[in-house]
Amino acid sequence: MTANKNVLNWIEEVKSLTNPDKIVWIDGSEAQIEKLREEAVDEGVIKPLNQEKLPGCYIHRTALNDVARVEHRTFICSKKEEDAGPTNNWCAPDEMYGKLRKLFNGVMKGRTMYVIPFCMGPIGSKLSKVGVEVTDSVYVVLNMVIMARCGDEALEFLGDSDDWVRGLHSTGELDDENRYITHFPEDNAIWSINSGYGGNVLLGKKCFALRIASCQGRKEGWMAEHMLILGIEKPDGKTTYIAAAFPSQCGKTNLAMLIPPESYKKAGYKVWCVGDDIAWLRQGDDGRLWAINPETGFFGVAPGTNMKSNPNALISTQKNTIFANVVHNLDDNTVWWEGLNKERVSNGLDWKGNPWNSDSPEKGAHTNGRFTSHVSNCPCISPEYDNPAGVPISAIVFGGRRAKTAPLVYQAFDWEHGVFVGSIMGSETTSAAIGLAAGVRRDPMAMLPFCGYNMADYWRHWLDMGKKLGKNAPKIFNVNWFRSNEDGNFIWPGYGDNLRVLDWIVERVNGKAGAVETAIGYEPKPEDINIEGLEEDGITLERVTELLQVDKALWKEDVNGIKQFYTKFGDRLPEELREQLSDLEKRLV
Ligand code: OXD
Ligand code: MN
């Protein structure tokens, strides 16, 4: 436990509000976790899988109405509405606390209250921060101990400090009409109720490490970003680190764990994963931008993960993993999901727990079925991932899913232009696919659902960071793996071959590759993208030329969309971005 009065007082407050039968402090020991696993199995919260094939693995099912993050029930409760900005749901803190106190009142009666101290980032790092999550869900405990450094070591690191985040969670009645995922940035507090789905309840992740941390970063001069971090080791042994932001469904985990194409492997290239979802970035004493992955696990989407799309992720799930909402194959007590392999399941349960086999008309796994695995399971985890100093970032990469507009890759002219490029990021949606209006969903820096304050102020913070970093600022790039032809087929192979594009980026930041200037930024010459070995995929110099084409008419249309999007932010929009937009418009004539 701890002698930290602030923590102890808060636990007392929470206890008298929620009235649990019992309190269990998570110490982080394997013995305690093992005991909780056994209890969770006895209560039916998780089921042990085949311990020969999947040692240490369990399967869990959420409630049917509770399978994903709920943006419409996610709130930023800053004192002033304009501080939450036009892209967040807002509620006044007093009003929200009032509503939530009623919902939390006595909610843990008959239940155990778990207190999980946790540290986001390596213990002892200047970049790390501590939180305490109180929850009545043992499933949350078992996931949190994979996703963060939990227990006594976090409390020791905190000492007497009051710089910690208060996270309160209860599964309540899983009532989706009273589901609230709420953030109080001025109190460093998160209250979440009536959900048991990871993204809403593992409070260290999206709630703390992005929404609250983005506010802390702004105040304290650092950045919390929805970014993977990877290292590319060239045959000479030198590793260059890249941080990259992509909206959901754009292959972030796949890129973070990329397997180099054969010719690159033979030449001696290696790709190291530092993190797949979140980066905390701070200027180091040497003036450069350094990054840590605040998490210790992957909370990945299972469907579509296979030995071709992401072997490293699949291997990461083969031990000590908790699966949620996938098919339970009763024949051998393992798991299955769409896109895993061609094996047939003859005797299974679908994610809802109903009998299911491969001939069933409905999908067996939920499309957002998940796995929670520790980073140490990943064959390409970077030896630097636990380094308290982090890794130095040389390039920041933005990307989205655009059929025609964005080229395969381009480099921003400078940091300010790069912030503009990040601010106009977007992905095309089809209404059929994900229930959103067809068109471009603008998702600046992939932070739309995760920025804990006014997005316009967030861009201001990015601009200020650039001034602070000066000549040490990483170079900023944009990539698009999703260019398509008239038939809607992708014209770039993607996956491991994306290294060919990252390789140009690495050469560029190391001052070794040339570029041509276009209306939207610097591009490689087609022959600067190494396509050796891609002939069978139909990738020729002409194809690369097509992939790099900038269609000015389409960009002019995009400018209109950006103008509309920017209007939302009124006077708060940084003047620099307004100017960047008008400069782009001029370059497009
Ligand atoms: C995630 C997300 O789960 O971005 O990482 O939704
Ligand atoms: Mn994410």
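As the structure is a prediction and not an experimental result, all values here were calculated from the model.

(A) Representation of the site of ligand 1. The immediate surroundings of ligand 1 are formed by R69, K206, H226, S248, D277, R370 and F450. Between ligand 1 and K206 there is a distance of 2.9 Å, counted from an oxygen atom to a side-chain nitrogen or oxygen. At a separation of 3.1 Å, an oxygen atom of ligand 1 approaches a polar side-chain atom of R370. In the complex, the protein chains occlude 86% of the 210 Å² of accessible area that ligand 1 would expose alone.

(B) Looking closely at the nonpolar core. Judged by nonpolar contacts, the single largest core of 160 residues is most densely connected at W280, F398, W459, W462, I505 and Y566. If we skip the residues at most four places from it in the chain, W462 touches M223, E225, M227, I396, F398, W415, V419, M445 and I476.

(C) Local environment of the sheet that holds strand β23 (residues 355-356). If you trace the four strands from one edge of the open sheet to the other, you get β21-β20-β22-β23, paired in antiparallel fashion. Single-partner strands in this sheet number two, and they are β21 (334-336) and β23. Relative to strand β22 (residues 348-349), strand β20 (residues 327-329) runs antiparallel, the two sharing two bridges. Within β22, the residue paired with H328 across the bridge is L349.

(D) Focus on the environment of N354. As for its position among the elements, N354 is in the loop between β22 and β23. Take N354: its relative accessible area is 40%, and that puts it in the partly exposed class. Beyond its immediate stretch of four places on either side in the chain, N354 contacts G348 and L349.

The rules behind these values
- Residues numbered from 1 in each chain as written.
- Chains lettered and ligands numbered in written order.
- Predicted model: local features only at pLDDT ≥ 70, side-chain atom pairs only at ≥ 80, totals over all residues.
- Heavy atoms only, no water.
- Near = heavy atom within 4 Å.
- Polar contact = N/O pair within 3.5 Å; in protein donor to acceptor, adjacent residues only side chain to side chain.
- Areas by Shrake-Rupley, 256 points an atom, 1.4 Å probe, with all protein chains shown as cover.
- Core = buried A, V, L, I, M, F, W, Y, C linked by side-chain atoms within 4.5 Å.
- Buried < 20%, exposed > 50% of the residue type's maximum accessible area, 1.4 Å probe, protein only.
- Contact = heavy atoms within 4.5 Å.
- Pairing = 2+ DSSP bridges.
- Helix = DSSP H or I, 4+ residues; strand = E, 2+ residues; numbered from the N terminus.

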